[in-house]
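If you want the building blocks of each chain, they are given just below.
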Amino acid sequence: AIVIFTLFRDALYAGSIEGGALGIVWTFVKTCALGMLTGFLIGCITLVLLRVSFNDHVAEITLTIIASYTTFFIAEGLLHASGVLALVTLGIYLGSNRSSVSVEVEHAMHEFWEVL
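None of these values were measured; they are calculated from a predicted model. (Residues numbered from 1 in each chain as written. Predicted model: local features only at pLDDT ≥ 70, side-chain atom pairs only at ≥ 80, totals over all residues. Heavy atoms only, no water.)

## Describing the overall build of the chain
Working step 1: Assigned secondary structure in the chain consists of five helices and zero strands.
Working step 2: The proportion of buried residues among the 116 residues of the chain is 30%.
Working step 3: In the chain, of all internal contacts separated by at least 6 residues, the share reaching a separation of at least 24 is 69%.
Working step 4: Just so you have it, the chain exposes about 7500 Å², and 72% of that area is on carbon and sulfur atoms. (Helix = DSSP H or I, 4+ residues; strand = E, 2+ residues; numbered from the N terminus. Buried < 20%, exposed > 50% of the residue type's maximum accessible area, 1.4 Å probe, protein only. Contact = heavy atoms within 4.5 Å. Areas by Shrake-Rupley, 256 points an atom, 1.4 Å probe, with all protein chains shown as cover.)

See below:
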C-alpha cells in the first residue's frame, strides 16, 4: 500500500505519469523488486558477519541494528526503492537463518527488539 501511495503521490507532483499505465506498472515492479533485492543482499552480508561474531551479545545485536537502518537508508534514500519491503525481506531472511545467531544471544536479541 505504501508503494502504491508513493507512486501516485510522485505522479501527482510531477503533473503526469511518464509512460502511462505501463510506466506505472514498471515503476511499481522496479520499486518492489529493488527493495526486496536490497533486503536480501544486506541480509546475506549480515549473516556472514553474524557467523564471524558468534556468541558476542553486543556485536550480534549491534549488527542487526546496523543492518536494519542501513537497509532502509540504502533502499529509500539511495535507490528510491521500497524501504519497507527491504526491511521485511531482511527480517524474513535473517529469521529463516536463525542458526547464525548463537543460542545464548537469541533471548537477549529478542528482548532488545521487543523493547525497541
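## Description of the nonpolar core
Working step 1: If you look at the biggest cluster of nonpolar residues, it comprises 11 residues: Ile42, Leu47, Leu50, Ile61, Leu63, Ala67, Leu90, Leu94, Val101, Val105 and Met109.
Working step 2: Apart from the residues lying within four places of it in its own chain, the contact partners of Leu63 are Thr46, Leu49, Leu50 and Ser53. (Core = buried A, V, L, I, M, F, W, Y, C linked by side-chain atoms within 4.5 Å.)

## What about unusual backbone geometry?
Working step 1: Positive phi, normally seen in glycine, also occurs at His80, with a value near 55°.
Working step 2: As for its placement among the helices and strands, His80 is situated in the loop between α3 (57–78) and α4 (83–96).

## Focus: the environment of Asn97
Working step 1: Checked against the element boundaries, Asn97 lands in the loop between α4 and α5 (103–115).
Working step 2: Residues Asn97 and Gly43 lie 54 residues apart in sequence; the distance between their C-alpha atoms is 9.8 Å.
Working step 3: Reaching out from Asn97, the side chain makes a polar contact with the backbone oxygen of Tyr93 at a distance of 2.9 Å. (Polar contact = N/O pair within 3.5 Å; in protein donor to acceptor, adjacent residues only side chain to side chain.)

## A short note on the packing of α3 against α4
Helix-helix packing is described using two parameters, namely the angle between the two axes and the distance between the axes.
Working step 1: Closest axis-to-axis distance for the α3/α4 pair is 8 Å, and the angle between their directions is 145°. Between α3 and α4 lies a crossing of right-handed hand. The segment α3 lies against α4, with Ala67, Ser68, Thr71, Phe72, Ala75 and Glu76 engaging Gly83, Val84, Ala86, Leu87 and Leu90.
Working step 2: Its residues assigned to classes, the contact of α3 with α4 comprises seven nonpolar, three polar and one charged. (Axes fitted to C-alpha atoms, helices over the stretch in contact; angles between N-to-C directions. Left-handed = near helix turned anticlockwise from the far one by under 90°. Nonpolar A, V, L, I, M, F, W, Y, C, P; charged D, E, K, R; others polar.)

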